[in-house]
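Commentary on secondary and tertiary structure
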Amino acid sequence: MLKVHSRCNLACDHCYVYRHADQRWRERPRVIAPGTVAQVARRLGEHLARHGHDRVRVVLHGGEPLLAGPAVLDRTIRTLRAALPPGAALDIGVQTNGVLLDEEFLALCHRHDIDVGVSLDGDRAANDRHRRYADGRGSFGDVAAALRLLARDEHRPRWAGLLCTIDLANDPLRVYDSLLAFAPPRLDLLLPHGNWTTPPPGLRPGGSETPYGDWLVAVFDRWYPTTPRRTGIRLFESLIALVLGGRSGTRALGFAEPDIMTIETDGTIEGTDTLKTTDDASMRTGLDVFRHSFDEALRHPSLAGRPTGPAALAAECRACPVLSACGGGLYAHRFRAGAGFAHPSVYCPDLFRLIRHVQRTVAADVDDLRRALATPAGASAPTAGAGGPAPAGEAARVAPNGPALTAKAAPAEPDGPVPARWAAPDRR
């Protein structure tokens, strides 16, 4: 993740960059300098050559990356590509609030095959609750105009999807329907960043209430039975994959390995920048692209050198029946000041509520599929209301601590009777 601009043109009050413990953005250059980009490119090229990798993904980030301007972004991408070993591919993405997205930026996206992710929290009322300009004006109108442009046939191939931060004050189904109105290829529903020291809004740490789990279950129950699906939702797709013994596509679930290196506008190397929400030290590595290689950075505890897997979790996590699907939740959400990260997620009850619900729902479909596969040709197979809650005890058949159903649940034939709601949406 390459920070090309360290400031933003919005003043969102839930921003994890500007509104939490780590405030070092104030000390950094607004725009990444050409010399810093050149050094990042050199480190990237030497790393791929040393390890024989043939592909790397760089996400242009901020602040608001589009504030850097098309010329800076164009030069940055050209510099990065020129430093890669022969045959190596550079995948480029950009995560933007969308208010500056116009035809000029989209022409750049087409020229360099840049995937565009846009942040939007729902309809006008939901989005403008937090995503506002510094003078208090809401940003919905400007973002909606950008999304209508991005959704046009000629630009849609560059659209990666929408990112939505959950707010309990916003009705979940209204948020979901308002996002669907823009026909996004994919949605990311994000829990607001918080931890045991600084709890998320509306959550009582250690309590049994599950407000965020309930919010997500409401959206899941609207999304899951719909065929064909109008969009993918990464959190739900990852959870279904984990329940069936597969792998997660998000760092929020399922023992995801640290896989993001953040490079700030001054060339500082850090881990995933969600750690900015914990304290002002967890992100610090003491490393930079001018003096250190990426191999040195990857050995740091903030990056790939961090303990992972069940052994890195709290004892109560290791004993949990949904451990294999949850994986302890997002690393930053486990933090407690003075005691580190060896704790359950501050969202533990919410994650348990969502995971159990998905297990029951998927188990019912798996049972229907097994009955269909076991029924002789021409006979009628009994059904149990696909997509509904499983009968008592049914959830155990999903085997929450092991990949019990992966190879047995679905037929090998591509045209076999797989429930339509499992059909993969557009993966862009």
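Computed from a predicted structure; not experimentally measured.

1. Remarks on the packing of helix α7 (residues 211-223) against helix α8 (residues 234-243)
Viewed as axis vectors pointing N to C, α7 and α8 meet at an angle of 80 degrees, and their least axial separation amounts to 11 Å. By the angle class used here, α7 and α8 are roughly perpendicular. Within the contact between the two elements, α7 uses L216, V219, F220 and W223 and α8 uses L235, F236, E237 and I240. Here the contact of α7 with α8 is composed, by residue class, of 7 nonpolar, no polar and 1 charged.

2. Focus: the side chain of S238
As for its placement among the helices and strands, S238 is situated in helix α8. By relative accessible area, S238 is classed as buried at 3%. Within the local environment of S238, its side chain forms a polar contact with the backbone nitrogen of G249, the two atoms lying 2.9 Å apart. Apart from residues no more than four positions distant in its own chain, S238 is found in contact with R247, S248, G249 and T250.

3. Notes on the state of the cysteines
This structure, assessed with the given rule, holds 0 disulfides. Distance from the sulfur of C8, which forms no disulfide, to the nearest cysteine sulfur (C12) is 5.9 Å. When its relative accessible area of 30% is taken as the criterion, C8 is described as partly exposed. Sulfur of C317: no disulfide; nearest cysteine sulfur belongs to C348 and is 6.1 Å away. Note on C317: relative accessible area 9%, which makes it buried.

4. Notes on the pairing of strand β5 (residues 159-165)
For β5, a buried count of 6 out of 7 residues is recorded, marking the element as mostly surrounded by other parts of the structure. Across 4 bridges, the pairing between strand β4 (residues 114-119) and β5 is parallel. By the bridge assignment for β5, V116 is matched with W159. In the sheet, β5 pairs with strand β6 (residues 186-190) via 4 bridges, with the strands oriented parallel. Bridged to L162 within β6 is L187. At this point the chain moves from β5, through helix α6 (residues 172-180), to the parallel β6, and the crossover so formed is right-handed.

5. Let's talk about α7
Helix length check: α7, at 13 residues, gives a terminal C-alpha distance of 19 Å against a target of 18 Å (1.5 Å per residue), a fit within 8%. Taken together, the buried positions of α7 are Y212, G213, W215, L216, V217, V219, F220 and W223. Each element contacted by the buried residues of α7 is listed here: α6, β6, β7 (232-233), α8 and α12 (348-374).

6. Overview of the pattern of salt bridges
Throughout the structure, instances matching the rule amount to 27 salt bridges. Where R43 meets E46, a salt bridge forms, and the shortest distance between an N and an O atom there is 2.9 Å. Here R43 and its partner E46 are both found in helix α1 (residues 34-51), 3 residues apart, which amounts to about one turn of the helix. When its relative accessible area of 9% is taken as the criterion, R43 is described as buried. Note on E46: relative accessible area 21%, which makes it partly exposed. D113 is the partner of R158 in a salt bridge, and the nearest nitrogen-oxygen pair spans 3.8 Å.

Thresholds applied
- Residues numbered from 1 in each chain as written.
- Predicted model: local features only at pLDDT ≥ 70, side-chain atom pairs only at ≥ 80, totals over all residues.
- Heavy atoms only, no water.
- Axes fitted to C-alpha atoms, helices over the stretch in contact; angles between N-to-C directions.
- Helix = DSSP H or I, 4+ residues; strand = E, 2+ residues; numbered from the N terminus.
- Parallel < 35°, antiparallel > 145°, perpendicular 65-115°, else oblique.
- Contact = heavy atoms within 4.5 Å.
- Nonpolar A, V, L, I, M, F, W, Y, C, P; charged D, E, K, R; others polar.
- Buried < 20%, exposed > 50% of the residue type's maximum accessible area, 1.4 Å probe, protein only.
- Polar contact = N/O pair within 3.5 Å; in protein donor to acceptor, adjacent residues only side chain to side chain.
- Disulfide = S-S within 2.5 Å.
- Pairing = 2+ DSSP bridges.
- Right-handed = clockwise from strand over helix to strand, strands pointing away.
- Expected span 1.5 Å × (residues − 1).
- Salt bridge = Lys/Arg side-chain N within 4 Å of Asp/Glu carboxyl O.

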